[in-house]
Each structure stands twice: as C-alpha cells, then as structure tokens.
Amino acid sequence: MAPTFKDFIQSHQFTFFIGQEGKPIVVHAAAIAATSQQLDALINGGMEESKTRCARMEDVKVDDFIRFCEYAYRGDYTVPPWEELPPEPSSTSGKNQQNGDDDGWDLAPLSKKRKGKNGKNGRAAPEPPPIEIDYPQETPEPRYEVRPISRTPLRTQFNSRNYLIDSGPKALILQHFEPKPNSAVDQNFTPVLLAHARLYCFAHLRLIAPLKALTLDKLHKTLLNFKLYAKRVGDIIELARYAYSNSDLPDRSDDGTLDDLRKLVVEYIVCKIDTIGKYDEFVKYIYGRGR
C-alpha cells in the first residue's frame, strides 16, 4: 500500500546537506524514501546515514534538490521563471536593423555642401569626376540541385510523443500541464529548460523512473510551445550542451537506444534545423563537438 500524506508528515525528519556548500535541508524521511528504492535504502537501510539521519549530496544544486522535494511531497514540481533580459540599446540605424539591412557602420551623415578653397565664399566645391575601375569579371559558381528533405514524419513523431503512459488520476492531471510560452525575444528560457533537464539527470541517478517521465513530458511540452526567435537559439544550444556534456547520462542504454533526454533534444533540433542551422553559434557548437 502506498504511503499517505499522513504517513509522510508523521515520519521522522531527515537532513540532507546539499551542494558543495553543504546547505542543510530538512525533510520528512518517508516522503523521500517513497520516491525510489535507492533513497529508501539510504534512509532506512541500516547504513550510517540511516543512523545519523543525515546524508550529503554534493553533486546536486540546492534549487534542483528543492524541486525534487516538491515532487516527493506533491507528485509535481515547478520551474523557475524565465529571465527578462534588458533590451539592447537602440542605434541610429534602428530602421535598418529591423529590416535586416544594417551594415554595421554608425557614421554621421555627410554635409551636402562644401566650402570653397579659402572657406569664405560658401560655394560648393566641384565634385571630382568618377573613377572608373575595370573589375575582372567573376566566374559564376556552379549551381547544384539541392533536394529538400521532408521533416513532416519527424515533426509528427516529435509532436505526438507522450511520456506519461500511466492512466491513474494523478497522471491524467499531469498530462494537462500547459507551460506558459515565451512571447518576446528578450525572454531568456535557458533557466526553464535546464531546470527540467537537471531534474531528469537527478532522477536518472537515483532511479526515479516516474520523475524521469514527468520531466521529459514537461520539457517536451515546453519545447512545443517555444517560439524560436533568433536571439533564443542560444537557449536551445545550452540545453543541448548540458544534455550531451553530462557524464552522468550514458551515450547508449543497455539495449543500444539513445538516452531519452538526448533523443528529445536532438529530435527538436532536427525539426528546427532550417532555423537553428542558420546561426553561427549553432555551427560553432557542432564544430566544437566534432573536433
């Protein structure tokens, strides 16, 4: 029989010292032990931690552990809000920037009239004759036919993914989660995306399969609603960098399949490659990984 909230709240307290700073966080032992066999053994298995009623977790951030505790108590978790970035200072060529024609020069306009040689008569000096330069003709580059690749099947597969396959009442409630989408270019979603990803890694290490499924479902729905502005391509790159540089995630599972978080991220990138692939930041990231 699954423990009730009454069992949680009446259980003894257990202290976790979290992160490199060892921040103490006191929780009810039964709530944490119910999330996985690994944590149940830590708290109730007769080891030193179960006797002293305290344990250290230096490999997790404080905010991520608090997010996990929220899940342990209520079966769900919340992520931090996005960061509102200050708008970039406007320039005299703002109109060109909006049209994508900014040449990068910020020069004051030239005067239409010039003073004479002695600078007294105020008459404009005669314009010099134009200089004609015989530029060599460039040889046109050969054109190659590029066949467009349909990504409709992949997009359909990505959009239809469902990680919460349980039909219980709690799962049905969680399936109706609707993340708040970004609505402006200066809304940095990196903290939101990484909060889901880091909690997934925590659940992977502690063998908490339901939490892994929940983080994937929430991240998936967040990506579905994410407006990929040019300035927000970096948010996706940071998510990919975390997923693929985290040594705690295996490259492949025992059956040879790609890790679920990495699969979700790479599927999203492929679906959006027509947009993401245009930016130098993404090209540099891919080039850096391939070296």
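First, a word on scope: everything that follows refers to the structure included in this document. What you see is a predicted model; the values in this text were computed from it and never measured.

Let's talk about the environment of Phe65
Topologically, Phe65 is positioned in helix H5 (residues 62-74). Residue class for Phe65 comes out buried when judged on its relative accessible area of 0%. Separated by 40 residues in the primary sequence, Phe65 and Ile25 have C-alpha atoms spaced 8.9 Å apart. Setting aside residues up to four positions removed in sequence, Phe65 forms contacts with Phe16, Ile18, Ile25, Met57, Val60 and Phe202.

Remarks on the pattern of salt bridges
The final tally for this structure, using the stated rule, is ten salt bridges. With a closest N to O distance of 2.8 Å, Glu70 and Arg74 form a salt bridge. Residue Glu70 and its partner Arg74 are located together in helix H5, separated by four residues, close to a single helical turn. Because the salt bridges share partners, they merge into one network encompassing Asp64, Arg67 and Arg198.

Quick notes on the nonpolar core
Judged by nonpolar contacts, the single largest core of 29 residues is most densely connected at Leu223, Ile236, Leu261, Tyr268 and Ile276. Listing elements by their share of this core, those giving two or more residues are helix H9 (190-205), helix H10 (209-224), helix H11 (233-245), helix H12 (260-271) and helix H14 (280-290). Setting aside its immediate chain neighbours within four residues, Leu261 contacts Ala197, Tyr200, Cys201, Leu216, Leu219, Ala243 and Leu249. In this structure, Ile25, Ala29, Ile32 and Phe202 belong to the second largest nonpolar core, which totals 28 residues.

Structural notes on the sheet that holds strand S1 (residues 13-18)
Hydrogen bonding along the main chain pairs the strands of a sheet, whether they run parallel or antiparallel. Here three strands make up an open sheet; going across it, the order is S2-S1-S3 and the pairing mixed. This sheet does not close on itself; its edge strands, each paired only once, are strand S2 (23-28) and strand S3 (54-57). The average undirected angle you get between the axes of adjacent strands in this sheet is 25°. Inspection of the sheet shows S1 paired to S3 by four bridges, in the parallel sense. Paired with Phe16 across the bridge in S3 is Ala55.

Describing the packing of H9 against H11
For the pair H9 and H11, interaxial distance at closest approach is 9 Å and the crossing angle is 15°. Our classification of the angle between H9 and H11 gives roughly parallel. Taken as a pair, H9 and H11 cross one another with a handedness that is right-handed. Contacts from Thr190, Leu193, Leu194, Ala197, Arg198 and Cys201 of H9 reach H11 at Asp235, Ile236, Glu238, Leu239 and Tyr242. For the contact of H9 with H11, the per-class residue count stands at seven nonpolar, one polar and three charged.

Parameters and conventions
Residues numbered from 1 in each chain as written. Predicted model: local features only at pLDDT ≥ 70, side-chain atom pairs only at ≥ 80, totals over all residues. Heavy atoms only, no water. Helix = DSSP H or I, 4+ residues; strand = E, 2+ residues; numbered from the N terminus. Buried < 20%, exposed > 50% of the residue type's maximum accessible area, 1.4 Å probe, protein only. Contact = heavy atoms within 4.5 Å. Salt bridge = Lys/Arg side-chain N within 4 Å of Asp/Glu carboxyl O. Core = buried A, V, L, I, M, F, W, Y, C linked by side-chain atoms within 4.5 Å. Pairing = 2+ DSSP bridges. Axes fitted to C-alpha atoms, helices over the stretch in contact; angles between N-to-C directions. Parallel < 35°, antiparallel > 145°, perpendicular 65-115°, else oblique. Left-handed = near helix turned anticlockwise from the far one by under 90°. Nonpolar A, V, L, I, M, F, W, Y, C, P; charged D, E, K, R; others polar.

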